[in-house]
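Analysis of the macromolecular model
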Amino acid sequence: MDEKDLIDAARSAMRKAYAPYSKFLVGASVLAGSGKVYVGCNVENASYGLSICAERAAVFNAVGSGEREIQAVAIAVSTGEVAFPCGACRQVLAEFAPKDGDTRIYLVSGQGVEEHSLASLLPNAFRLTE
Ligand code: THU
């Protein structure tokens, strides 16, 4: 699995997005600790607050398959500009960041790809302390 495959998986997931209200299609793919890739898309609802973001759908898919670590994430949109993950998704990603490292984040637009680190997008993520 290289970066290009992860990005292609996010673009494919984007095409499955269910977003009849916002019309904003998002696909996400996560490279999990086992080396497998899991995908998700945004799924909206007529009761708007029930909608789920693509990133969380992908993470929950991975965790439900037994994964506990996310090494990298690709987030694809079809617009010209990249979309950064929302705050809630950043916190969920932080839960599964590698214990001794960081999660790479690839933001994918119709124009290209840019790379970030989760720590740069969410410094001082919330953690339970004793
Ligand atoms: N959305 C995502 O899928 N990921 C984000 O990080 C932010 C927003 C979705 C939710 C909704 O379906 C649409 O984009 C517009 O907010």
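See above for the structure.
Parameters and conventions
- Residues numbered from 1 in each chain as written.
- Predicted model: local features only at pLDDT ≥ 70, side-chain atom pairs only at ≥ 80, totals over all residues.
- Heavy atoms only, no water.
- Buried < 20%, exposed > 50% of the residue type's maximum accessible area, 1.4 Å probe, protein only.
- Helix = DSSP H or I, 4+ residues; strand = E, 2+ residues; numbered from the N terminus.
- Contact = heavy atoms within 4.5 Å.
- 1 Å grid on protein atoms, 1.4 Å probe; cavity = no way out; pocket = protein on both sides within 12 Å on 5 of 7 lines; lining within 4 Å.
- Points joined across faces, edges and corners; volume = space filled by probe spheres on them.
- Nonpolar A, V, L, I, M, F, W, Y, C, P; charged D, E, K, R; others polar.

On to helix H3 (residues 87-95), then. Taken together, the buried positions of H3 are Cys-89, Arg-90, Val-92, Leu-93 and Ala-94. Among the structural elements, helix H2 (54-64), strand E3 (70-77), strand E4 (104-108) and helix H4 (118-121) are those in contact with the buried residues of H3.

Considering only enclosed or pocket space, the largest pocket measures out at about 230 Å³ in volume. As for the largest pocket, its lining consists of 15 residues, and the residues nearest its centre are Ala-94, Glu-95, Ala-97, Ala-125 and Arg-127. Elements with a contribution of two residues or more to the lining of the largest pocket: H3 and H4. For the lining of the largest pocket, the leading source of residues is H3, giving 3 residues. Computed from the structure, the second largest pocket encloses a volume of approximately 180 Å³. In terms of lining residues, the second largest pocket is bounded by 15 residues, among which Phe-24, Val-26, Cys-53, Ala-54 and Glu-55 are the most central. Those elements that place two or more of their residues in the lining of the second largest pocket are H2 and E3. By residue class, the composition of the lining of the second largest pocket is 11 nonpolar, 2 polar and 2 charged.

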